[in-house]
Amino acid sequence: MRTTEICVIGAGPAGLCAAIAARDMGARVTCVDSGDRPGGQLVKQTHKFFGSRAEFAGKRGIDIAGMLADRIRDDPMVEFMLDSTVIGFYDDGAIGIEHNDALTFLRGERIVCATGASERMLAFPGNDLPGVYGAGAVQTLMNVYGVRPGKAVLMVGAGNIGLIVSYQLLQAGVEVVAVVEAMPQVGGYDVHARKIQRVGVPILTSHTVKAVHGTRVVEGATVVALGSDFRPIPATEEYFHVDTVCLAVGLTPLADLLWQAGCKMAYVPELGGHVALRGEDYETSRRGIYVAGDLAGIEEASSAMIEGTIAGLSAAQSLGHEAPDFEERLATARAELAALRSGPKGQKVRLGIERLMRLGREVGVVA
Amino acid sequence: MRDKPCVEPGTQGRIPDAARRARGPCAVIECFEEIPCDPCHDACRRGAIRPFDDINHLPEVDFDRCNGCGACISVCPGLAIFVVDETWKDDLAVVRLPYEFLPLPSPGDTVAGLDRSGRECCAATVVRVEKAKRQDRTAVVWIEVPKPLSMEVRHIRVGGSAIGSREG
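Residues numbered from 1 in each chain as written. Chains lettered and ligands numbered in written order. Predicted model: local features only at pLDDT ≥ 70, side-chain atom pairs only at ≥ 80, totals over all residues. Heavy atoms only, no water.

### Brief notes about the side chain of R20(B)
Residue and element names in this part refer to chain B. The test is simple: Strands here mean DSSP runs of E at least two residues long; helices mean DSSP runs of H or I at least four residues long; both are numbered from the N terminus. Partly exposed describes any residue whose relative accessible area lies between the buried limit of under 20% and the exposed limit of over 50%, with all areas from a 1.4 Å probe on protein chains only and scaled to the type maximum. Under the convention used here, Asp and Glu are negative, Lys and Arg are positive, and both His and the chain ends fall outside the count. Any carboxyl oxygen of Asp or Glu that lies within 4 Å of a side-chain nitrogen of Lys or Arg is treated as forming a salt bridge with it. Counted as a polar contact is a pair of N or O atoms within 3.5 Å, where, for protein atoms, one must be capable of donating a hydrogen and the other of accepting one, and residues adjacent in sequence contribute only when both atoms are in side chains.
Tracing the chain through its elements places R20 in helix α1 (residues 18-21). Although R20 is buried, it makes no salt bridge; D64 carries the closest opposite charge, 5.4 Å away. Reaching out from R20, the side chain makes a polar contact with the backbone oxygen of P25 at a distance of 3.1 Å. Only 2.7 Å separates the side chain of R20 from the backbone oxygen of F63, close enough to count as a polar contact.

### Some remarks on the domain arrangement of chain A
All names here are of chain A. Rules: Segmentation into domains, and thus their bounds, comes from an automatic or database assignment. Summed over both partners, buried area is the accessible surface (1.4 Å probe) that two parts give up on being assembled.
Its domain assignment divides chain A into domain 1 (2-118 + 251-363) and domain 2 (121-247). Domain 1 and domain 2 are separated by 31 Å when their C-alpha centres are compared. Roughly 1100 Å² of surface becomes buried between domain 1 and domain 2 when both sides are summed, with 55% attributable to carbon and sulfur atoms. The largest share of the area that domain 1 buries against domain 2 comes from K44, F50 and K345, three residues that together contribute 47% of it.

### A word on the interface of chain B and chain A
The following threshold applies: Contacts are assigned to residue pairs with any non-hydrogen atoms lying within 4.5 Å of each other. Note on residue categories: nonpolar means Ala, Val, Leu, Ile, Met, Phe, Trp, Tyr, Cys or Pro, charged means Asp, Glu, Lys or Arg, and polar means any other residue, Gly included.
Contacts between chain B and chain A engage 46 residues on the former and 42 residues on the latter. At the boundary of chain B with chain A, total buried surface from both sides reaches about 3800 Å², with 49% on carbon and sulfur atoms. Seen at the junction of chain B and chain A, the total is four salt bridges. Two residues, D136(B) and R60(A), come together in a salt bridge whose shortest N-O distance is 3.8 Å. For the interface between chain B and chain A, the tally reads 18 residue pairs in polar contact (both at pLDDT 80 or more). Here the side of chain B that touches chain A is built from residues that sort into 19 nonpolar, eleven polar and 16 charged.

### Here we look at the pattern of salt bridges
In total, this model carries 30 salt bridges over all chains according to the counting rule given. We note a salt bridge from D70(A) to R73(A), for which the minimum N-O separation is 2.8 Å. As a salt-bridge pair, K89(B) and E144(B) come within 2.8 Å of each other at their nearest N and O atoms. Of this pair, K89(B) sits in the loop between β2 (81-85) and β3 (92-99) while E144(B) sits in strand β6 (residues 139-146); the two residues are 55 residues apart in sequence, bridging distant segments of the chain. You can call E144(B) buried: its relative accessible area is 12%.

Shown next, in the form of structure tokens:
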């Protein structure tokens, strides 16, 4: 069986930064990803990122993917396994990897799990019609393959993803008839909302999609206003002529491998669902398995990168690797992460992490 | 309820007042919500955008130092920075805005000037289109608008693309 020191599962922003940090400590790293290129969701983020310079603020996600990968691409200490899907975690610590219809196994002395998140679905009549997409699929079609998903889109959800994908649809020459948001306020950044409002896209807060219509494909959608109890207000239905409905109604951590590995999990709604109990070093209750990025709690790519750095540094150090700047780098990463989360928009995540740590202390995962 | 974007009154430090605007070009930073972001400070070579003590703070501009060079426009990930020059001509102001749509307009073109809610409020003449490499694919379009609309026009429509009709 193939072995490695640090096995990183997922080559998105968190996984790549974990691999870079572990390599910098002198560890041998294998980075496994189901995609055909490193970057994870970064490869479809055509917009400029927020954050600080350390996390590439002002650079576009599509370019950040390459900049991160370039740091380790030709390093003999780092191996990339692309087009390779991790399909299971075994009792002896090995992971099963599907590649070209064949199964191989890999055992890492440490595992950094950075599998990201999956999109939430919404229940409404017609949600199975062709033309109803998740926002991630729309981004992949447009920004990776250059295919327009439709001509006229109703966007469901005004979080950052809904707002950003609406903007990217407009850039691709697709009409966005409206963005509906069940909450009474826009969830994403105000500046993202303004970017589409000044193009003329209405953002309808306290509204949701009631039904999608069509015989074989999406032909239209009915939107309805919601009261303060989130129940539809009668006679407020509005019909939109669209061929595409895009759902951007939230993400949930993709934690199957952690469940299989027997990591202690907790349901933390502020972090997007079930997440692993973990210490400050991002090690889970199962020794040797670390988490980072959206899998550790739904956040922005900038925080995912820093979490990956912390997990990678910690995992490598636990194997006895050393670097003169280890303590300093860890402290800097922690300070930057705290700064990113310290604003009003970080309150939900702060509450979630507080709850996660409290639960961790109760079962002894966190000292 | 429909959200109507608006400029909050009294946001000193981001929105220059009429007296400052009458003295020459200056930045208008329509950033009103604390998010972790600070590249605008690094973009300013004149030190007019003050350093951030906390990355979540709102930008603070020293409008006496700002000369409206516009280096910050394409750097802002939120596309929230504009430059307004009310000294351009007697009755015309120039608004410089970030623009990430294709096709790019050309100098001399007439485009539709749109306000913050996308409403067409004037015809505008394109004066200049900046697309240097350092702008990283965020063009900066200079448009001439009637002076009273210098604080209203924040986007343009080139031809018929990008915006469609709304039904409902």
